[in-house]
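# Structural features, examined
If you want the building blocks of each chain, they are given just below.
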Amino acid sequence: GAGVSQSPRYKVAKRGQDVALRCDPISGHVSLFWYQQALGQGPEFLTYFQNEAQLDKSGLPSDRFFAERPEGSVSTLKIQRTQQEDSAVYLCASSLEIAGGSGELFFGEGSRLTVL
Amino acid sequence: LAKTTQPISMDSYEGQEVNITCSHNNIATNDYITWYQQFPSQGPRFIIQGYKTKVTNEVASLFIPADRKSSTLSLPRVSLSDTAVYYCLVGDNFGNAGNMLTFGGGTRLMVKP
């Protein structure tokens, strides 16, 4: 596709369940970011990949959060034993440039996770 | 330590020019300044980027003073569809851990008829 694709768009999980969120970046984009956006707040950085290498995971809120990008394209954000505070929109963005400082980040529409 | 500071909200009327200023006192030599727009239920969308002086594209202008400690996004003749949240970001191209592109709280712009 032409843009960043995220799935599922909506996910409802019971507390304690594991969830997996998928991101298909724009083909050829080196950088991939995951952000978490709570209602009414700005996106909060979670983790950054440069190709298949996870160079920064300082934003992951706990060890229940895990992200991978094994072949340098599709990425998966996994949340184990979900808690209510994990309810948020998870945004994926990709960029042609390293770290995205110059140029443009292309965002998907996000995956809205609701934990009951 | 917050990298950027913006007003929480602004109101305007259709047809007016809107200027949103962002403070980034600790901007580094290699950092670029980028503005994004976000509508409800959508991901942020790139508006404009600059390093210094003035940049203009088809939708906005970006003014950056010589010290680069602030920047101003200028939206000419806003319409109702410009109602959105606007974010200012600073970042480089090095990919160093701890220096990733960080969004602040953004500025919620409301354009009234």
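Residues numbered from 1 in each chain as written. Chains lettered and ligands numbered in written order. Predicted model: local features only at pLDDT ≥ 70, side-chain atom pairs only at ≥ 80, totals over all residues. Heavy atoms only, no water.

### Some words on the packing of aromatic side chains
Residue and element names in this part refer to chain A. One pass over the full model with this rule turns up twelve aromatic pairs over all chains. Pairing Y35 with F45 gives two aromatic rings, centres 6.1 Å apart and planes at 75 degrees, and the pair type is edge-to-face. With Y35 in strand β4 (residues 31-37) and F45 in strand β5 (residues 44-50), the pair connects residues that are ten residues apart, well separated along the chain. Grouping residues by exposure puts Y35 and F45 together as buried. (Phe/Tyr/Trp six-rings, centres within 6.5 Å; stacked < 30°, edge-to-face > 60°. Helix = DSSP H or I, 4+ residues; strand = E, 2+ residues; numbered from the N terminus. Buried < 20%, exposed > 50% of the residue type's maximum accessible area, 1.4 Å probe, protein only.)

### A look at the environment of A13 of chain A
All names here are of chain A. Relative to the helices and strands, A13 is located in strand β2 (residues 10-13). Using a relative accessible area of 0% as the deciding quantity, one classes A13 as buried. Discounting residues that sit within four places of it in the chain, A13 has contacts with V19, T82, L113, T114, V115 and L116. (Contact = heavy atoms within 4.5 Å.)

### Section: the interface of chain A and chain B
Put simply, an interface is often sized by how much accessible area is lost when its parts join up. With 26 residues of chain A at the interface, the matching set in chain B holds 25 residues. Of the roughly 1800 Å² buried between chain A and chain B on both sides combined, carbon and sulfur atoms contribute 52%. If you sort the residues of chain A by the area they bury against chain B, P43, G101 and F107 of chain A come out on top, with a joint share of 22%. For the interface between chain A and chain B, the tally reads zero salt bridges. Summed over the shared surface of chain A and chain B, the result is four residue pairs in polar contact (both at pLDDT 80 or more). Of all elements in the fold, only β4, β5 and β6 (53-56) of chain A reach the threshold of two or more residues within the side of chain A that touches chain B. (Buried area = accessible area lost by both parts, 1.4 Å probe. Salt bridge = Lys/Arg side-chain N within 4 Å of Asp/Glu carboxyl O. Polar contact = N/O pair within 3.5 Å; in protein donor to acceptor, adjacent residues only side chain to side chain.)

### Some details on the sheet that holds strand β4 (residues 45-50) of chain B
All names here are of chain B. The five strands lie next to each other as β1-β9-β8-β3-β4, forming an open sheet whose pairing is mixed. Of all the strands in the sheet, the pair left with one neighbour each is β1 (9-13) and β4. Neighbour to neighbour, the strand axes of the sheet diverge by 25 degrees on average, direction disregarded. (Pairing = 2+ DSSP bridges. Axes fitted to C-alpha atoms, helices over the stretch in contact; angles between N-to-C directions.)

### A word on the sheet that holds strand β1 (residues 5-7) of chain A
Residues and elements named next belong to chain A. If you walk across this open sheet you meet the four strands as β1-β3-β8-β7, and the pairing is antiparallel. Edge strands, defined here as strands with exactly one partner in the open sheet, are β1 and β7 (65-68). Strand-to-strand twist across the sheet, computed as the mean angle between neighbouring axes with direction ignored, equals 15 degrees. With five bridges connecting them, strand β3 (residues 19-24) and strand β8 (residues 75-79) associate as antiparallel partners.

### Some thoughts on the pairing of strand β2 (residues 18-23) of chain B
Residues and elements named next belong to chain B. Of the two faces of β2, the one lined by V18, I20 and C22 is fully buried and the one lined by N19, T21 and S23 carries no buried residue. Taken together, the six bridges between β2 and strand β7 (residues 70-75) define a ladder with antiparallel strand orientation. Looking across to β7, one finds that I20 is bridged to L73.

### Remarks on the side chain of T107 of chain B
All names here are of chain B. Within the secondary structure, T107 sits in strand β9 (residues 107-112). By relative accessible area, which is 0% here, T107 ends up buried. Beyond its immediate stretch of four places on either side in the chain, T107 contacts Q6, P7, I8, S9, M10, I20, A84, V85 and Y86.

### Here we look at unusual backbone geometry
In the segment running from S7 of chain A into P8 of chain A, the intervening peptide bond is cis, with an omega of -10 degrees. Looking at the element boundaries, P8 of chain A is found in the loop between β1 and β2. Positive phi is not limited to glycine here, since R81 of chain A has a value of about 45 degrees. Here R81 of chain A lies in the loop between β8 and β9 (88-95). Even without a glycine there, the phi angle at S41 of chain B is positive, about 65 degrees. Turning to its location among the elements, S41 of chain B is positioned in the loop between β3 (32-38) and β4.

From the geometry alone we can't say anything about function, so treat these as descriptive.
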